[in-house]
Amino acid sequence: MIISYTSLGEAFHHSLLAKTDHIGLLEVNRNQLTKKLSYQDIFDQAVHTAKHLQHHHFKDGAHCGIIMSNQSLWNTSAIGVFFAGGVLVPLDYKLGPEEHIRLILHADLTMLIVEYPIWHRLMKSADFEKLSNIVVFVTEVPEGKDIKHALHLESAASNFSFVMKPRQPEDIATIVYSSGTFGRPKGCMLTHANYLHQAQALAQLFPVGKEHTYFSFIPTNHAIDFMCGFFLPIMHGSKTIHQRTLRPEFIASTISEFRVTHMALVPMLLKNLETKLKNQLSSLSFFSKLFFRIMLFINQTLTRSRPCYKLSRVLLFPIHKKFGNHLQYIFVGGAYTDPVMAKFFYDIGFSVAVGYGLTEAGTVITVNDLKPFRHDTVGKPLSITQLKIQNPNDAQIGEIIAKGPTVMKGYYKDDELTSQTIIDGWLQTGDLGYIDKGHLIFKGRRKNMIVTSGGKNIYPEDIEHYFQSLPFDDYCVLAGSFIWPEQTQHRDELFLVYYNEKKTIFNYAKAIEEINQLLPEYKRISYALNFTKEFPKTATLKIKRPVLAENIAQSEIVEMIKL
Amino acid sequence: MNQNVFLTIQKLASEKFSISLDLIEPSKDIFTTLQINSVDVLSMLTDLENHFSIEIPDYELQDVRSFEDLTNVISDRL
């Protein structure tokens, strides 16, 4: 039983040494298998990391960050941090150097493990000197490259001593930051008990074993991959595979060649896959299409009450062959999932387990158990989680609140926000939904935060401050999904809504386009929207965004410019 | 900037994403000009690698925004 362990470190230690000959990690670069690690190898590499940390005086409960793209070194380094008794701070490798440095300092890291390309960018940052007191280990440094004060993680450590550091269930295991760093950093403190309970509950719903292979595609700092691709596989003797490139053609070949059985995707990637499959299906001959429709109907009928992938892969062999003929489960979360898309994949024989969760509650609060599959919901609460709808309206829609052993301890260095977010043990999610026959129907995020279908959280203030110098009388950033929640058009597009009372003559579109160049792709403004009335505001002059969105959706006098 | 490399990128991008050649200029942003996302850019990069017989790691794309940026990344590998 996973919850019989006292910490992640103990769980990894025991599981790795219980199955030393199992293959645990595979790493592929394009079409080449570059690493194949047994559980013994993983254990040895984790101890190597722990030795380095302890040799440099890493204290119990100290904070160590990891910034790497998905690879076996991420996993072995993280286990090393747990072995050394540390708190892991997994940072998103896709952030920019200034954001990385800001979070590194906020999290009070004493040590950092980082891959060379990211360290190279950090060294070029104007804030680089702020990292001078942190012990840094860099991985896979090309020969001859200067890494300033950092050390090579791969350097010999055989002479260093190692002491396994025990941790208790209520000790902090990780500090995980949600996306969006300007404004208030939200570092969720998750305990060892949070993870162990979450893992236990998920393992009961989706048992895995030695015969299973998980494709780690979503970044491992993300809650879904941390649990499904990092912790759970090792607990159950299965393996995880990493592909070092995100090129679609290599992703597809990896899934096929290595007989992937499980993977997790964010909705945007699933959408890309859906589009490709539908294009291929539409190009079939008349008789092939007819045959496919017959097989599809039989599969839909026979899997109505629960999935049967062995049957599905026979009935719909041509499609399943493209996925290596072994893919069973696709876990989907991190953002709104189109129910029609989820149903498409279920109908062609892939068990799409859509879930809902927040970093503040570990991986998931609810998940579809596929008994039977309901494409219109985000599933039922985990057996260990209580769920309530607070202040429901006439349609029974209200704020989703949750309580249970997976709810975080709080936000790091932010007691005020913690006390607003966890009230009497109930996590205030800020999301809206209602319950239907035990299933949660998710209606939308109540807060300003924008979530793209790629799973990116965007805080409007992150983007808005870039436009401060422009001569608006008022402005804000809204997502298309916020303005028109019932429509799929514009869903992921960002609108800069502005009010120009003084009728200042200014080329806003051009200015916004220039500022867009400074932003990462997923934060860029797609439309400038000239709202010709004053913004609705509260007594304290805060913009009433929902009201503004409603006005925009209903107004016929809004001028909208595509950028 | 290597003009030959840029012209190759321009032609390939124009054909792949059905965009007029004259819209693709060195200083222009790749994503907004071609109306594509990062997954599509990676796909284009593979086509360019095959054309030039080189390999470019994904992480070298992180700071690439303009066609000139992409031209320089490829030129550095020739």
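Not measured: the values here are computed from a predicted model.

(A) How the structure looks around the overall build of chain B. Helix and strand counts for chain B stand at four helices and zero strands. Summarising its shape, the C-alpha atoms of chain B cover approximately 25 × 25 × 20 Å along the three principal directions. Going through the 78 residues of chain B one by one, you find that 50% of them count as buried. Just so you have it, chain B exposes about 3,800 Å², and 46% of that area is on carbon and sulfur atoms. Chain B carries 5 positive and 14 negative side-chain charges, and their two centres are separated by 3 Å.

(B) Inspection of the sheet that holds strand β10 (residues 213–216) of chain A at higher detail. All names here are of chain A. Within the open sheet, the nine strands sit side by side as β2-β1-β11-β10-β12-β13-β14-β15-β16. Their pairing is mixed. The open sheet has two free edges, formed respectively by β2 (32–38) and β16 (380–381), since each of these has just one partner strand. One ladder, built from two bridges, connects strand β15 (residues 366–367) with β16; its direction is antiparallel. Looking at the pairing, Thr 366 lines up with Pro 381 of β16. Packed on one face of the sheet, helix α2 (residues 39–55) meets β1 (23–29) and β2 and runs near 85° to β2. Each of β13 (329–332) and β14 (351–356) touches helix α13 (residues 339–347); the most contacted strand, β14, lies at about 150° to it.

(C) Seen up close, the pattern of salt bridges. Summed over the entire model, instances satisfying the criterion amount to 24 salt bridges over all chains. Across the pair Glu49(B) and Arg247(A) runs a salt bridge, and its minimum N-O distance is 2.8 Å. One end of the pair, Glu49(B), is in helix α3 (residues 38–52); the other, Arg247(A), is in the loop between β11 (239–243) and α8 (248–257), on a second chain. Residue Lys11(B) is joined to Glu15(B) by a salt bridge in which the shortest nitrogen-to-oxygen separation is 3.2 Å. Note that Lys11(B) and Glu15(B) are positioned in helix α1 (residues 3–17) at a spacing of four residues, about one turn of the helix. Beyond isolated ion pairs, a larger network of salt bridges with shared partners links Glu27(A), Lys35(A), Glu115(A), Glu140(A) and Arg244(A).

(D) Focus on the pairing of strand β9 (residues 187–191) of chain A. Residue and element names in this part refer to chain A. Among the five residues of β9, five are classified as buried, and the element is accordingly described as predominantly covered. Neither face of β9 is open: one carries Gly 187, Met 189 and Thr 191, the other Cys 188 and Leu 190, and all of them are buried. As judged from the five bridges shared by strand β8 (residues 172–177) and β9, these two strands associate in the antiparallel manner. Paired with Tyr 177 across the strands is Gly 187, a residue of β9. Two strands pair when backbone bridges link them, and β9 and strand β19 (residues 410–411) are joined in this way by two bridges, in the antiparallel orientation. Along β19, the bridge assignment pairs Met 189 with Gly 410.

(E) Highlighting the environment of Ile134(A). Position of Ile134(A) relative to the elements: it lies in the loop between α5 (116–123) and β6 (135–139). Remark: the alpha-carbon pair of Ile134(A) and Asn516(A), spanning 382 residues in sequence, is separated by 33 Å.

(F) Seen up close, the domain arrangement of chain A. Each assigned domain of chain A is listed with its residue range as follows: domain 1 (2–253), domain 2 (266–445) and domain 3 (459–562). Placing a centre on the C-alpha atoms of domain 1 of chain A and another on those of domain 3 of chain A gives a separation of 38 Å.

(G) Spatial organisation of the nonpolar core. Residue and element names in this part refer to chain A. Formed by 117 residues in total, the largest nonpolar core has its most connected members in Phe 12, Phe 231, Ile 330, Phe 345 and Ile 348. Looking at this core element by element, the count peaks at nine residues for helix α7 (residues 223–235). For this core, the two domains that each supply at least three residues are domain 1 (2–253) and domain 2 (266–445). Those residues in contact with Ile 330, other than ones at most four positions away along the chain, are Met 263, Leu 265, Leu 270, Phe 345, Phe 350, Ser 351, Val 352 and Ala 353. Formed by 31 residues, the second largest nonpolar core is a distinct cluster that contains Ile 67, Leu 91, Ile 104 and Trp 119.

(H) Structural detail: the interface of chain B and chain A. Contact with chain B, which involves 19 residues of that partner, is made by 19 residues of chain A. Across the interface of chain B and chain A, roughly 1,600 Å² is buried in total on both sides, 41% from carbon and sulfur atoms. Here chain B and chain A share five salt bridges between them. Two residues, Asp29(B) and Arg524(A), come together in a salt bridge whose shortest N-O distance is 2.9 Å. For the interface between chain B and chain A, the tally reads eight residue pairs in polar contact (both at pLDDT 80 or more). Take the side of chain B that touches chain A: its biggest share by element is six residues, from α3(B).

Parameters and conventions
Residues numbered from 1 in each chain as written. Chains lettered and ligands numbered in written order. Predicted model: local features only at pLDDT ≥ 70, side-chain atom pairs only at ≥ 80, totals over all residues. Heavy atoms only, no water. Helix = DSSP H or I, 4+ residues; strand = E, 2+ residues; numbered from the N terminus. Buried < 20%, exposed > 50% of the residue type's maximum accessible area, 1.4 Å probe, protein only. Areas by Shrake-Rupley, 256 points an atom, 1.4 Å probe, with all protein chains shown as cover. Lys, Arg positive; Asp, Glu negative; His and termini not counted. Charge placed at Lys NZ, Arg CZ, Asp CG, Glu CD. Pairing = 2+ DSSP bridges. Contact = heavy atoms within 4.5 Å. Axes fitted to C-alpha atoms, helices over the stretch in contact; angles between N-to-C directions. Salt bridge = Lys/Arg side-chain N within 4 Å of Asp/Glu carboxyl O. Domains from an automatic or database assignment. Core = buried A, V, L, I, M, F, W, Y, C linked by side-chain atoms within 4.5 Å. Buried area = accessible area lost by both parts, 1.4 Å probe. Polar contact = N/O pair within 3.5 Å; in protein donor to acceptor, adjacent residues only side chain to side chain.

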